[in-house]
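# Per-entry structural report
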2 protein chains.
Amino acid sequence: MNTLAYGLLSLLSHSSLSGYDLMLRIQPFWPAKHSQIYPLLARLERNGMVSCELVQQSDKPDKKVYSINDKGIAALQEWLTVPASDPVMRDELMLKAFCMSHVDPAVSRELFAARLEHYRNKLERLCQKIKSVRQVDELEEDQMPSYQSPYFGAYIMLNKALMSCRTNIEWCEWVLAVIPVEEASVE
Amino acid sequence: MNTLAYGLLSLLSHSSLSGYDLMLRIQPFWPAKHSQIYPLLARLERNGMVSCELVQQSDKPDKKVYSINDKGIAALQEWLTVPASDPVMRDELMLKAFCMSHVDPAVSRELFAARLEHYRNKLERLCQKIKSVRQVDELEEDQMPSYQSPYFGAYIMLNKALMSCRTNIEWCEWVLAVIPVEEASVE
DNA sequence: AAAACCATGTAAATTGTTACATGATTGC
DNA sequence: GCAATCATGTAACAATTTACATGGTTTT
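Residues numbered from 1 in each chain as written. Chains lettered and ligands numbered in written order. Predicted model: local features only at pLDDT ≥ 70, side-chain atom pairs only at ≥ 80, totals over all residues. Heavy atoms only, no water.

For chain A, the name recorded in an unreviewed UniProt entry is PadR family transcriptional regulator, with Cohnella terricola as its organism.

Structural data, given as structure tokens:
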């Protein structure tokens, strides 16, 4: 049982999902490829944590829908009592920022402009996501899902993503403001 | 040449460092253990990216100090022209947040209280770090290092770390405010 | 018909962590 | 003496990514 395994159980604790769906939904919190998810789901099934049902579809290819078992829920409850390990962030841009002074400011500006664009797109997607969660849980303006609601966790995470995204945008804009604009070079 | 390799070159582009120092300094941006760093440095030396000199110390064990070569600088300059790949963040707390509703609010509060503490300690360390960088680069209040200064990159990254840390603290405090406080259970 | 998305899997390679190993030096 | 920090390395294991493989369905 590694972290990704618990992550899959965590998603399955609210609704049954296919491996493909799990792969898409876990991305924002714990990036993983389908080649990691499928064998892990098979292992969780062997361990009795989840059950699997083949669902035939007419409009799309058939799929295997996984559901969490009591044993899986128990594993989650146990897991929640141990402190979360420190978050791990790996950002190539940070490493590049460290040696920026070795290239033309224009080259550096380009790096941060691209990242700013990345965060602006992310913000856009997030706002839409939050709107859709609000609709599904039938919430009024500024109203929170209750702690018992399966959307409570999703809501606080979306809020974190939103706050982080805005901070990152602010930071990128500040960096672009402090990197000198290219002077006309020697004619 | 993987990202960690470029990261080491990036750090070496400002000053020569031992493998041990590199290991400590790269942690905030790209976590890596010494077991990954030492063999990689040996490879970079074989590739002619860095040179190594044995430095004898009387107060501490002897060490190998690595310096970047022209080939290493050229590799960095090339690397800076390609866009940085998307940052990767893996946070177990996010996965736990998703299935929180399956346990008592007190259990959840504990998770976020621990994380809040983690970020508060980090903020403390960051503030001291920023102060020391300001001293080394002899900066007045609110003054930035120039783009050419080797501290420019460090400064903008410290600023990012500071902004992110504050956002995370704010978020943790908000989460602790919205998780219901344990009601007296059935007597 | 080609591209895009849905869907599931395995194999190989790379990256990263933990454990094994060793040893100097300093402060308690 | 013992723990902590400094210092370097290798081996085994676990996690992750990339590539290989296949095939249905929908939209352009």
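The next point concerns the interface of chain A and chain B. Contact residues are listed per partner, giving 70 residues for chain A and 70 residues for chain B. Interface area, chain A with chain B, both sides summed: about 7100 Å², of which 69% is carbon and sulfur. Our enumeration of links across chain A and chain B arrives at 0 salt bridges. On inspection of chain A and its partner chain B, the count reaches 35 residue pairs in polar contact (both at pLDDT 80 or more). Looking at the side of chain A that touches chain B element by element, the count peaks at 17 residues for helix H7 (residues 151-178) of chain A. Two strands pair when backbone bridges link them, and strand E4 (residues 88-90) of chain A and strand E4 (residues 88-90) of chain B are joined in this way by 3 bridges, in the antiparallel orientation. Its bridge partner being in E4(B), Val88(A) is matched across the sheet by Arg90(B). (Contact = heavy atoms within 4.5 Å. Buried area = accessible area lost by both parts, 1.4 Å probe. Salt bridge = Lys/Arg side-chain N within 4 Å of Asp/Glu carboxyl O. Polar contact = N/O pair within 3.5 Å; in protein donor to acceptor, adjacent residues only side chain to side chain. Helix = DSSP H or I, 4+ residues; strand = E, 2+ residues; numbered from the N terminus. Pairing = 2+ DSSP bridges.)

A separate point is the relation of the copies chain A and chain B. Between chain A and chain B, the superposition needs a rotation of 180° and an axial shift of 0.0 Å, giving an RMSD of 0.1 Å. Taken together, the rotation and translation describe the operation of a two-fold axis. It is Met89(A) whose C-alpha, among those of chain A, lies nearest the rotation axis, at 2.2 Å. Take the interface residues of chain A: 100% of them recur as interface residues in chain B, which is what a same-surface contact looks like. (Least-squares fit on C-alpha atoms with pLDDT ≥ 70 in both.)

Those residues of helix H2 (residues 19-26) of chain A that fall on the buried side of the exposure criterion are Gly19(A), Leu22(A), Met23(A) and Ile26(A). For H2(A), the arc enclosing every buried residue in end-on projection is 100°, short of the 170-degree limit, so these residues lie on one face. On its buried face, H2(A) sits against helix H1 (3-12), strand E1 (17-18), helix H3 (34-46) and strand E3 (63-68) of chain A together with helix H5 (92-98) of chain B. (Buried < 20%, exposed > 50% of the residue type's maximum accessible area, 1.4 Å probe, protein only. Arc of directions from axis to C-beta.)

Close to DNA strand D lie 24 residues; Ser35(A), Asp59(A), His34(B), Gln57(B) and Lys64(B) are nearest. Taking the atoms of DNA strand D that fall within 4 Å of the protein, sugar and phosphate contribute 65% of them. One of the backbone N or O atoms of Asp59(A) is found 2.4 Å from a sugar or linking oxygen in DNA strand D. Those elements giving two or more residues to the surface near DNA strand D turn out to be H3 of chain A together with helix H2 (19-26), helix H3 (34-46) and strand E3 (63-68) of chain B. It is H3(B) that provides the largest number of residues to the surface near DNA strand D, a total of 3 residues. (Near = heavy atom within 4 Å.)

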